[in-house]
Amino acid sequence: MPKKSSGGGLTATQQAAKFLGVSVLAGAVLAGIALPAVGALGLAAKGSVESFDELPANLKTPPLSQRTTILDADGDQIATVYSRDRTVVDLKNISPYMQKAIVAIEDSRFYQHGAVDLKGVLRALNKNAQSGGVSEGASTLTQQYVKNVFVEEAGDDPTKVAQATQQTIGRKIRELKYAIQVEEELGKKKILENYLNITFFGQQAYGVEAASQRYFSKHAKDLTLAESALLAGIVQSPSRYDPVNDEAEAVKRRNVVLERMAEVGDVSQAEADKAKQDPLGLKVTQPKNGCITAVRGASFFCKYVERVFLSDPVFGKTKEERAKTWNRGGLTIRTTLEPQAQASVQDSLKDHVNKSDKVAAAATLVEPGTGKILGMGQSKPYGYGKNETEYNFSVNAAMGGSNFGFPTGSTFKPFVAAAALEQGKPPTQSYPAPYKMPYPQQVQTCSGKPWVNLQDETLENESETEVGPFALREAMELSVNTYFVEMLGDIGMCPVVKMTDALGVVQGNGDKVPEVPSSMTLGSTGLSPLTMASAYAAFASRGMYCTPIAIESITQTVGGEKKSLEVPKSTCSRAMSEKTADSINTLLSGVVDSGTGQQAGLSGGRANAGKTGTTDERKNAWFVGYTPNLSGAVWVGSASQKVKMTNIWIGGTYHAQVYGGDTPGPIWRDAMTGALEGKDAPPFHLISIPNGEKKDPKEDDRDDNGRGGNGRGNGNDDGNNGDDGFIGGLVDGGTTGSTGDTTGGITLPDNLFQGQGNGGGGNGNGNGGRG
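First things first, this report covers the structure right here in the doc. This one's a predicted model, so the numbers in the text were calculated from it and none came from an experiment.

## Some thoughts on the nonpolar core
Then, number 1: Counting 94 residues, the largest nonpolar core has Y483 and L503 as the members making the most contacts within it.
Then, number 2: By residue number, the principal contributor to this core is helix α20 (residues 529-540), which donates 8 residues.
Then, number 3: Residues contacting Y483, with those up to four places away along its chain left out, are Q429, S430, Y431, A433, F470, A471, L472 and A475.
Then, number 4: With 55 residues, the next largest nonpolar core counts L91, L176, I198 and V257 among its residues.

## A short note on the packing of helix α4 (residues 141-154) against helix α7 (residues 188-198)
Angle between the axes and distance between the axes: these two values describe a pair of packed helices.
Then, number 1: Across the interface, α4 lies against α7 with an axial gap of 10 Å and an inter-helix angle of 45°. On the basis of the axis angle, α4 is oblique to α7. In this structure, α4 crosses over α7, and the sense of that crossing is left-handed. Contact residues: α4 offers L141, T142, Q144, Y145, N148, V149 and E152, while α7 offers I191, L192, N194, Y195 and I198.
Then, number 2: For the contact of α4 with α7, the class distribution of residues is 7 nonpolar, 4 polar and 1 charged.

## With respect to the state of the cysteines
Two cysteines, two sulfur atoms, one covalent bond between them: this is a disulfide.
Then, number 1: Evaluated as defined, the whole model comprises 3 disulfides.
Then, number 2: Between the sulfur atoms of C291 and its disulfide partner C302 the distance amounts to 2.0 Å. Disulfide C291-C302: the torsion about the S-S bond is -70°, which places it as left-handed. With C291 in the loop between α11 (269-276) and α12 (299-311) and C302 in helix α12, this pair connects stretches of sequence that are 11 residues apart. Grouping residues by exposure puts C291 and C302 together as buried.
Then, number 3: With its sulfur 2.1 Å from that of its partner, C546 forms a disulfide with C572. Taking the torsion about the S-S bond as the criterion, the C546 to C572 disulfide, at about 115°, is right-handed. Of the two residues, C546 is situated in strand β14 (residues 544-546) and C572 in strand β17 (residues 572-574); the sequence distance between them amounts to 26 residues.

## What about the pattern of salt bridges?
Then, number 1: Within the structure shown, the criterion is met by 26 salt bridges.
Then, number 2: The salt bridge partner of E152 is R86, with a shortest N-O separation of 3.2 Å. Taken as a pair, E152 in helix α4 and R86 in the loop between β2 (77-81) and α2 (96-106) lie far apart in primary sequence, 66 residues in all. For the pair E152 and R86, one class covers both residues: buried.
Then, number 3: With a shortest N-O distance of 3.4 Å, D222 and K221 are connected by a salt bridge.
Then, number 4: We classify D222 as partly exposed; its relative accessible area is 37%.

## Some points on the sheet that holds strand β15 (residues 551-558)
Then, number 1: A sheet is described by the order of its strands in space; here 5 strands give the open sequence β2-β1-β3-β15-β16, paired in mixed fashion. In the strand order of this sheet, the two ends are held by β2 and β16 (561-565), each with one partner. In this sheet, neighbouring strand axes are inclined to one another by 20° on average, regardless of whether the strands run parallel or antiparallel.
Then, number 2: Where α12 meets the sheet, its contacts fall on β1 (68-71), β2, β3 (331-335) and β15, and the angle it forms with β3 comes to roughly 115°.
Then, number 3: Contacting β1, β2, β3 and β15, helix α13 (residues 319-328) runs over the sheet at an angle of about 100° to β3.

## Comments concerning the packing of aromatic side chains
Then, number 1: According to the stated counting rule, one finds 22 aromatic pairs in the structure shown.
Then, number 2: Between F406 and W635 the ring centres are 3.8 Å apart and the planes differ by 10°, which places this aromatic pair in the stacked class. Here F406, found in strand β6 (residues 406-407), pairs with W635, found in strand β20 (residues 630-637); they are 229 residues apart in sequence, far enough to count as distant.
Then, number 3: For the ring pair F415 and F539, a centre distance of 6.3 Å and an interplane angle of 40° mean the geometry is tilted.

## Regarding α13
Then, number 1: Within α13, burial applies to R322, T325 and W326. Each buried residue of α13 lies within a common arc of 100° when the element is viewed along its axis, so the set occupies one face. Pointing more than 90 degrees away from the buried face of α13 are the exposed residues E320 and K324.
Then, number 2: Immediately beyond the C-terminal end of α13, within one or two residues, lies G329, with a positive phi of roughly 70°.

## Things to note about the sheet that holds strand β5 (residues 373-378)
Then, number 1: On the basis of which strands lie adjacent, the open sheet formed by 5 strands has the order β5-β4-β20-β19-β18 and antiparallel pairing. The sheet terminates laterally at β5 and β18 (609-614), the two strands that pair on one side only. Pairwise comparison of adjacent strand axes, ignoring direction, gives a mean angle of 5° for this sheet.
Then, number 2: Alignment of strand β4 (residues 360-366) against β20, held across 7 bridges, turns out to be antiparallel.

## Some details on the pairing of β4
Then, number 1: By the criterion of burial, β4 is predominantly enclosed, with 7 of the 7 residues buried.
Then, number 2: Neither face of β4 is open: one carries A360, A362, T364 and V366, the other A361, A363 and L365, and all of them are buried.
Then, number 3: Bridge count between β4 and β5: 5 bridges; the pairing is antiparallel. Each bridged residue has a counterpart across the sheet, and for V366 the counterpart in β5 is I373.
Then, number 4: Between β4 and β5, which follow one another and run antiparallel, lie 6 residues, and G369 among them has a positive phi close to 85°.

## Topic: the environment of D107
Then, number 1: Here D107 is to be found in the loop between α2 and α3 (118-131).
Then, number 2: In this structure, the C-alpha to C-alpha distance between D107 and T142, residues 35 residues apart in sequence, is 9.0 Å.
Then, number 3: Apart from the residues lying within four places of it in its own chain, the contact partners of D107 are I102, H113, T140 and L141.
Then, number 4: There is a polar contact of 2.8 Å between the side chain of D107 and the backbone nitrogen of L141.

What counts and how
Residues numbered from 1 in each chain as written. Predicted model: local features only at pLDDT ≥ 70, side-chain atom pairs only at ≥ 80, totals over all residues. Heavy atoms only, no water. Core = buried A, V, L, I, M, F, W, Y, C linked by side-chain atoms within 4.5 Å. Buried < 20%, exposed > 50% of the residue type's maximum accessible area, 1.4 Å probe, protein only. Helix = DSSP H or I, 4+ residues; strand = E, 2+ residues; numbered from the N terminus. Contact = heavy atoms within 4.5 Å. Axes fitted to C-alpha atoms, helices over the stretch in contact; angles between N-to-C directions. Parallel < 35°, antiparallel > 145°, perpendicular 65-115°, else oblique. Left-handed = near helix turned anticlockwise from the far one by under 90°. Nonpolar A, V, L, I, M, F, W, Y, C, P; charged D, E, K, R; others polar. Disulfide = S-S within 2.5 Å. Salt bridge = Lys/Arg side-chain N within 4 Å of Asp/Glu carboxyl O. Pairing = 2+ DSSP bridges. Phe/Tyr/Trp six-rings, centres within 6.5 Å; stacked < 30°, edge-to-face > 60°. Arc of directions from axis to C-beta. Polar contact = N/O pair within 3.5 Å; in protein donor to acceptor, adjacent residues only side chain to side chain.

And the structure:
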């Protein structure tokens, strides 16, 4: 048989020969004759098979891909996601009109013939020979169903889809053999049910239930005669007969179906004529696919859930297995997201930061003791337009976040304190903590090879009046940089590494925090809000760290039956002793009571603790805090790390300089307040921690003013004494600026930046604006 050229069709004679081959084959198959070599019919051409008997006997029917529904902790829908929008329904839940309409127009002799309709083949052969082309096909509804199974199995692979739909004798032969099997095993009603659930109806709708919802916003069981005829007519060419885009063409096609229904006796002529007069009556429901449609600003959380599914081995050993299960859908995923907490996060972000601002904000709330993520949001909405983003600033890069996370500033210091306490240092530990000092000549690391200060790098506190000695409590409240570097030099970096490992603290790119002093004390390394909220949750739960989780349960519908899937569980382990955690809780309670985080403190007598942080050139500001039953982290800054938050408007409020206490702090306060409304208010297990030795009164007066005792009164959060917005560590020629803004009675330098050292591990010696 001559081959079809790439640019043209077969002649009428060739078409006739082709259909004759099919008809002869069909007759032979139905007669039970095994065909040996079929080259005489031209069936050995490219794309065909050599022997009918060599085909596999069983058609492997893949589960139909369906939509997946993502729910919050209360069982309310967050979003639906799907590769194909489909909801499988039983035949009893499909309108009888719809059943009759699809049979009438696609295969009116469906109930009379077997897998192959010889009369249909001969009729098509005759018509096509007369027209000189292919004006009528001969596939039965069963054969169409088999072809759709091949297409479904191909998924979104364009090569496999092409193979499943190619117009070759070989494919027709495969369809024939599998159609015989299907007819024998399923019977007519089940075939019709499967066909109506698998076929494509246009407008992203697969299956009659999705199509009914898309075009008429109703269930398939409620379709009228006219509506059923419209949907049945679409199947032949979903683009040509699309009622949304070409109403006139759709009406003509619908009326053809109605006329055919009358011809075969499914309805009376009068009923058909009456239905032809009906308007289309469309009530279109727009496709709502994907996390971009999530409610209550939960799009980023929704995408996080998807990333968890696609990356966790519990859902499949390989990436391909997990992706196949996700794309197949039919999942009902109940998550940990608490509606009250999520709404509070979004409301707080909206109140404090505009999506059009030069900077963004992200907030995450985690439940101590369980690891459950209760809220996750950010100021720039999920999307691809202006002032939108697809990056989730709350999570690590592997889960859809920024490449490296964001430097955390002084919010890292509690990890150093916890490590020191675990090493036996008393909570009253005191260090000289001068205003300015060199980094220690060397600091021990876990490898045994010490970090060495090869370039005589130095660091400073916020102002020249900030001079020790300080005890731990006051040093934490005022976030004294030199104190914590001295503490690190005393205990070495390995205890801090062990502490951060126990708290799940890794960089945004998944790597461990580098063993250099600026990373190990002053937060120069990028972390994510989820990482910080989860780590601080261990303080709240008296030393127990729980890995964060987002999924409570999953059920999957396969073949009409539901089964439960295993889901990842939070792993909880002791990161520190209860005594150490209680000590940190006492120290950080002081931060919100009288330290740098006063503007973030919760009202109503609710126990709360936290830490502020502001980084080099004020590109990042943080507040991480917690109550005994909720932990939260808020980051504000530039995702590109190019915006310096000085002389800047955020949320309609002007800021000469941004601090962790005055911008992320209030976001945290409002988000936590709403999330905890009506919830229990348990106390911390606090301990008594004296401040240490008292300096002479003149020194006290000087330090009170210098560290912002008056500054706290003007609302600029501890004056402008910063924990890490003013960066010491002026390396490689960096110098301290001479003048700056005066707030709280303090003159601040202009050069608020972190120097990048080239020696000793390349660390910059960060310090910063105290929040």
